[in-house]
Amino acid sequence: MDVSRWPPPSVDRPRTVTILGSTGSVGQSTVDLIARNPESYRVEALVAATSVELLADQARRLRARLAVVAEPARYRALKDALAGTAVEAAAGPEAVRAAAARPAEWVMAAIVGFAGLAPTLEAARRGAIVALANKEALVCAGRLLIEAVEGSKGVLLPVDSEHNAIFQVFEPSQRHAIDRLVLTASGGPFRNWSLADMAEATPEQALAHPNWDMGDKISIDSATMMNKGLELIEAHLLFGLPSEQVEIVVHPQSIIHSMVAYRDGSVLAQLGTADMRVPITHALGWPARIDGPAARLDFTDLAALTFERPDSGRFPSLRLAREALVTGGFAPIVMNAANETAVAAFLARQIGFLDIARVVEDVVASWERPAQPVQSLQEVQAADLEARRRAEKVSQQRRLSN
Ligand SMILES: NC(=O)c1ccc[n+]([C@@H]2O[C@H](COP(=O)([O-])OP(=O)(O)OC[C@H]3O[C@@H](n4cnc5c(N)ncnc54)[C@H](OP(=O)(O)O)[C@@H]3O)[C@@H](O)[C@H]2O)c1
């Protein structure tokens, strides 16, 4: 997208905010930051899937106007948990979408996976500043989301630490002078594992990320490195550079969050501790820089910053994502849906760790005319559903053959 069109809004009054996915890892960090400076924010809506008690507690603490739980059957529990407060309660997918449509100037899009797409699109269409953590929404409907932001004169602020880093050092007027973007990757928990050991990896081992404390889905994506693959597509969409100008480098210390290399030989990087509150604080304050609670980087504590080439032999998801980006059209949607399905099957101990990428590869290979252009949200949703159906079938076959 055209980064130079991101307009600076006024920040001299309390910012009205909505948090989609407030009970998750990114959502809870966002709630924590807002609760530290309640006079700077007015909370319009908080949204979760099922975590009623935590949602109600957050809504009380932040004096939110509305709390929404996506699962309709939890409405009564939410209503009871909010008894005696002025917080409105609602439930169901339509209420989630309606929450995003309410007039908050700033919306944190932190629902995990494809489920975040419809409400994120809703916020983008009405011109909100969308702080985007939900990378799957962009991967699946990049053009639609960016067109919605541009059409409404809204803003898309990257919250993913890598893209937030690039955003901070990307000079839109010098796009022609960029040699490449360098996305850093921690390498995940299996960076040094053999393929034989990876084949036996349990969900507990895959969830144990060495640097970041995150939700389950993104933790598994980090272990397979599909997370970096999704981020590759995300970087292409946000900053408008082709696949060959986005390099992935493994940097196990997670101190440099990403870089922009210019053609004059300069490389600009953003550094910080591995704490999502850094990019979230940046997005919350943007375009101003505000105080944040994350630990300060002490350079004398850093033994070394090291870099390695990623191993796409052990981490085929990197190759699959690059292929999906180059193919375009439906390929990223199908890849994402198959990945979400396979990750869930792995977490449920139905398939092995290495089966995740195999399921994705099989489903993408089965797709007829993947490069066909995507025209509408309905087409995106239909492809997502069909790819999930195929991925479930392939996962089941893998389970039987294991
Ligand atoms: N965690 C990180 O450090 C990090 C870093 C960069 C980017 N991201 C991205 O940010 C997104 C969120 O990640 P996370 O780690 O915070 O995930 P998470 O901890 O699993 O939290 C997901 C949130 O989404 C809610 N949710 C799930 N399905 C929903 C639905 N259908 N409708 C409404 N709400 C729904 C969950 O509610 P319940 O609690 O009720 O289930 C929860 O609040 C992902 O796209 C991830 O890739 C995360």
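It should be noted that the structure appears before, not after, this text.
Here is a short report on the structure shown in this document. (Residues numbered from 1 in each chain as written. Predicted model: local features only at pLDDT ≥ 70, side-chain atom pairs only at ≥ 80, totals over all residues. Heavy atoms only, no water.)

Take the overall build of the chain next. Each helix and strand counted, the chain has 16 helices and 11 strands in total. Relative to the compact-globule value of 21 Å for 402 residues, the chain shows a C-alpha radius of gyration of 20 Å, a close match. Looking at the chain residue by residue over its 402 residues, the buried ones come to 55%. Counting only contacts in the chain whose residues sit at least 6 apart along the sequence, the fraction spanning at least 24 positions is 69%. For the chain, the accessible surface area stands at approximately 16800 Å², while carbon and sulfur atoms represent 51% of it. Between the mean site of the 41 positive side-chain charges and the mean site of the 47 negative ones, the chain shows a separation of 4 Å. (Helix = DSSP H or I, 4+ residues; strand = E, 2+ residues; numbered from the N terminus. Rg over C-alpha atoms; globule rule 2.2 N^0.38 Å. Buried < 20%, exposed > 50% of the residue type's maximum accessible area, 1.4 Å probe, protein only. Contact = heavy atoms within 4.5 Å. Areas by Shrake-Rupley, 256 points an atom, 1.4 Å probe, with all protein chains shown as cover. Lys, Arg positive; Asp, Glu negative; His and termini not counted. Charge placed at Lys NZ, Arg CZ, Asp CG, Glu CD.)

Quick look at the sheet that holds strand S11 (residues 267-271) now. Ordered by their spatial adjacency, four strands build an open sheet running S9-S8-S10-S11, and the pairing between neighbours is mixed. Two strands bound the open sheet, and with one partner strand each, they are strand S9 (246-250) and S11. With strand direction ignored, the average angle separating the axes of adjacent strands in the sheet is 20°. Direction of pairing for strand S8 (residues 178-185) relative to S9: parallel, over a ladder of five bridges. Note that in S9 the partner of Ala185 across the bridge is Val250. The strands touched by helix H7 (residues 161-169) are S8, strand S10 (256-262) and S11; relative to S10, the strand with the most contacts, the crossing angle is about 40°. (Pairing = 2+ DSSP bridges. Axes fitted to C-alpha atoms, helices over the stretch in contact; angles between N-to-C directions.)

This part takes up the nonpolar core. One finds Leu78, Trp106, Met108, Leu181 and Phe353 to be the most contacted residues of the largest nonpolar core, which totals 133 residues. When near neighbours in sequence (up to four residues on either side) are disregarded, Phe353 contacts Phe190, Met198, Ala201, Ala206, Ala223, Thr224 and Phe346. (Core = buried A, V, L, I, M, F, W, Y, C linked by side-chain atoms within 4.5 Å.)

A word on the site of the ligand. Close to the ligand lie 25 residues; Thr23, Ser25, Thr50, Ser51 and Glu136 are nearest. Backbone polar atom of Val26 to an oxygen atom of the ligand: 2.9 Å apart, as the coordinates give it. Between an oxygen atom of the ligand and a main-chain N or O atom of Ala133, the distance comes to 3.4 Å. A total of 900 Å² of accessible area belongs to the ligand in isolation, and the protein chains cover 85% of it. Elements with a minimum of two residues in the shell around the ligand: helix H1 (25-36), strand S2 (41-48) and helix H6 (135-152). Looking at side-chain class alone, the shell around the ligand contains 13 nonpolar, nine polar and three charged residues. (Near = heavy atom within 4 Å. Polar contact = N/O pair within 3.5 Å; in protein donor to acceptor, adjacent residues only side chain to side chain. Nonpolar A, V, L, I, M, F, W, Y, C, P; charged D, E, K, R; others polar.)

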